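Okay, here's what each chain looks like letter by letter:
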Amino acid sequence: MKKILSILLVAALTMSTLAGCSGGKEEKPAETPSTTEGQGEAQEETPEAETPAEGATIKVAAIETAYGSQMWKDVCEAFTAETGINVELIIDKNLEDVIGPSMQAGDYPDVIHLATGREKALTETFIKDQNIVDITDVLSMTVPGESAKVGDKIAGGFTETSLTNPYGDGKTYLAPMFYSPCGLFYNAGLFEEKGWNVPTTWDEMWELGDKAAAEGIALFTYPTTGYFDAFFYALMYSVGGADFFDKATNYEEGIWDTEEAKTCFDIVAKLATYTEKTTPAQANDQDFTKNQQLVLDNKALFMPNGTWIVGEMAEAPRADGFKWGMTALPAVTAGGEGYSYTWFEQAWIPGGAQHQDEAKQFIAFLYSDTACGIFANAVNADGEPAPAIQPVLGIAETLQGDNQMFYAIYDNGAKAAMGNFAAYDSGVVGVSNREVWFDPVNSLVSGNMTEQEWIDGIKSASDQMRANLIQ
C-alpha cells in the first residue's frame with residue numbers, strides 16, 4: 001500500500017503511456033483553481049456527460065498499488081468507448097518521480113489519482129499551494145452512460161470530510177476513491193490455536209502483549225510510520241470522540257495539554273515498547289512488506305493496515321493455519337467504543353490541467369456501474385483478486401470472501417472515524433503532519449526519542465500550523 005514540500009522530484013524518468021492515443025496540445029502554465037460557487041450553479045455551467053468533447057485527449061496519471069494496473073487500462077478504455085474522449089494513461093508505482101519533472105516544466109496531467117499520506121506528500125503539496133481544482137460541480141453531473149447524478153451515488157460522508165474538502169469552505173476538491181476500513185490486522189488462526197481473545201480494551205491489549213512476549217511473539221508492528229495516520233485518527237476518536245478529533249486536527253490552542261491528548265500519547269508510547277524491534281529499520285517504502293510478513297510468520301500479533309493487505313501479500317509465505325482477521329482499535333475503557341478509520345484514496349485535477357471539463361467527465365465516470373465493476377473485479381500482477389472498492393451506495397452487498405468480513409466491521413460494533421489534519425501553508429511551517437506526529441514513532445520504538453520529546457515537537461509544530469492555516 002500510506003507520503004511535502006515543493007515538487008522536488010528526481011531527474012526525469014521516461015513516462016510510460018499505457019493506453020489511449022496522444023493528440024497534439026500546447027504547453028500551458030499552471031492555473032489557479034476554479035471557484036465554482038455551488039452544485040446547482042455548476043450544473044448549468046459545466047458541460048454534462050451527454051455532450052462530451054469527442055476526439056479530445058486527456059492525460060490521466062494513476063499510482064500503481066496492490067490493485068495492479070490492468071483495471072486502470074480497462075476503465076480508460078471504457079471511458080473512451082462511452083464518451084469518445086481519448087485517454088493517455090500514465091501509471092507507475094513511483095508516480096511522483098514520473099510526473100514530477102514534466103510538471104516542473106508546466107506539463108500537467110489532467111487527472112491525478114494519488115492519495116494523501118504518501119512519503120513524498122505530493123498531493124499535500126498541491127493542496128497547501130492551493131493548486132487544485134474545485135470539483136464541487138462534478139457532484140451534480142450525470143454519470144456518463146447513466147441517468148444518476150454523481151453525488152447521488154457516492155456514500156454519505158465521503159464528500160463532507162477534510163480529506164475531500166481540505167479548506168473548510170464547503171467545496172469539494174478531491175474525489176473519494178477506493179475506500180477501505182482500516183484497523184488492526186492479525187492471524188485469526190493463531191488466536192484460535194492459542195485460545196486467545198481479541199482485546200476490546202487497551203488494558204486487555206497490554207495483558208495479551210505480556211502473554212505473547214512469553215512465547216517470543218511481539219504484540220505489534222507497522223508497515224511504515226505513514227500507517228499511523230489511520231491509527232492515530234481512530235485513537236483520537238476513541239479517546240475523545242468527534243469533538244476532540246475536530247479540535248486536534250485543527251490545532252486548537254492548548255489541545256495537546258488535555259487529558260485526552262495525554263491518553264493518546266501514552267498509548268502510542270507504551271505500544272512502542274511492545275513493538276517488534278526490527279520494525280523501524282524496515283519501515284520504508286521499499287521494505288515495508290517485511291514488517292507485514294512478521295504477522296504472517298507469527299512474529300508479531302497486530303499491525304495497522306487496510307483491506308488491500310490481502311492482495312498485497314497474496315503470494316507471501318505464511319504460517320500453517322493462517323487466516324486473516326481484522327479488528328477495530330480497542331476502547332480506552334470497558335464498555336467504551338472502538339473505532340475503525342475509513343481510509344480512502346483520492347483523485348484530483350491539478351490547477352495546471354489543460355482539459356479540465358473533460359477531466360471532470362472522467363472523474364464522474366469513475367462512479368459509473370461500469371467503472372465500479374471493473375475496479376471491484378481487479379486482479380494484481382500475479383493474477384490474484386485485488387478488488388478496489390469505490391465508495392458508492394450498495395457496493396458492499398456485492399462483496400465476497402475476506403472482504404465481506406472487512407467491510408462488515410461497522411456492522412459488528414465498530415464506529416467509523418473519518419477526517420484529516422487541516423491544511424496549512426507548508427512553505428512557512430516547513431514540515432508535514434507525518435514528520436511531526438507519525439515518523440517519530442520509529443525513534444520511540446528504537447529508544448532514540450522520549451515521549452516528552454515527541455510531545456514537545458508536536459506542540460511546537462502545531463502552534464505554527466495553527467498560525468498558518470489555509471482558509
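Computed from a predicted model, the values in this text were never measured in an experiment.

Enquirer: Account for helix H19 (residues 451–467), naming residues and giving values.
Expert: Look at H19: 25 Å from first C-alpha to last across 17 residues, which is about the 24 Å you get at 1.5 Å a residue. Of all the positions in H19, only Trp454, Ile455, Ile458, Ala461, Ser462 and Met465 are classed as buried. The arc enclosing the buried residues of H19, seen along the axis, measures out at 140°, which places them on a common side. Summarising the contacts, the buried residues of H19 are in contact with helix H8 (228–249), helix H9 (259–273), helix H16 (426–429), helix H17 (433–438) and helix H18 (440–446).

Enquirer: Let's hear about the environment of Glu64: which residues, and what values?
Expert: Inspection of the secondary structure puts Glu64 in the loop between strand S1 (57–63) and helix H2 (70–83). Residues Glu64 and Leu95, spaced 31 residues apart in sequence, show a C-alpha to C-alpha distance of 7.7 Å. Contacts of Glu64, omitting those with residues within four sequence positions, involve Ser69, Ile91, Asp92 and Lys93.

Enquirer: Mind laying out the pairing of strand S9 (residues 339–348), listing which residues take part and the relevant values?
Expert: Of all ten residues making up S9, ten are buried, and the element is well covered by its neighbours. For strand S3 (residues 111–113) and S9, the ladder comprises two bridges, and the chain directions are antiparallel. Each residue of the ladder has a partner; that of Ile112, found in S9, is Trp348. Sheet topology note: the strand S4 (residues 175–181)/S9 ladder contains five bridges and is antiparallel. Each bridged residue has a counterpart across the sheet, and for Ala175 the counterpart in S9 is Ala347. The pairing of S9 with strand S10 (residues 415–417) spans three bridges and is classified as parallel. Opposite Ser340, over in S10, you have Ala416 as the bridge partner.

Enquirer: Could you give me a rundown of the pattern of salt bridges, with the residues and numbers involved?
Expert: Within this structure, the stated rule accounts for 15 salt bridges. In this structure, the salt-bridge partner of Lys59 is Asp107, at a minimum N-O distance of 3.1 Å. Of the two residues, Lys59 is situated in strand S1 and Asp107 in the loop between helix H3 (95–104) and S3; the sequence distance between them amounts to 48 residues. Grouping residues by exposure puts Lys59 and Asp107 together as buried.

What counts, and at which threshold
- Numbering of residues starts from 1 in each chain and follows the order in which that chain's sequence is written.
- In keeping with the model being predicted, local features are shown solely for residues with a pLDDT of at least 70 and side-chain atom pairs are shown and tallied solely at 80 or more, while totals for entire chains, interfaces and linings include all residues.
- Computation of side-chain values: all heavy atoms of the structure, hydrogens and water removed.
- Only DSSP runs of H or I reaching four residues or more are called helices, and only runs of E reaching two or more are called strands; each is numbered from the N terminus.
- Multiplying 1.5 Å by the residue count of a helix minus one yields the expected span of that helix.
- Accessible area is worked out with a 1.4 Å probe on protein chains only. A residue is then buried under 20% of its type maximum, exposed over 50%, and partly exposed in between.
- An arc is given here, and it is the one of the directions from the helix axis to the C-beta atoms.
- We call two residues in contact whenever any of their non-hydrogen atoms come within 4.5 Å of each other.
- Two strands qualify as a pair provided DSSP detects at least 2 bridges between them.
- Here, a salt bridge means any side-chain nitrogen of Lys or Arg that lies within 4 Å of a carboxyl oxygen of Asp or Glu.

Read these as layout, nothing more, since geometry by itself doesn't imply function.
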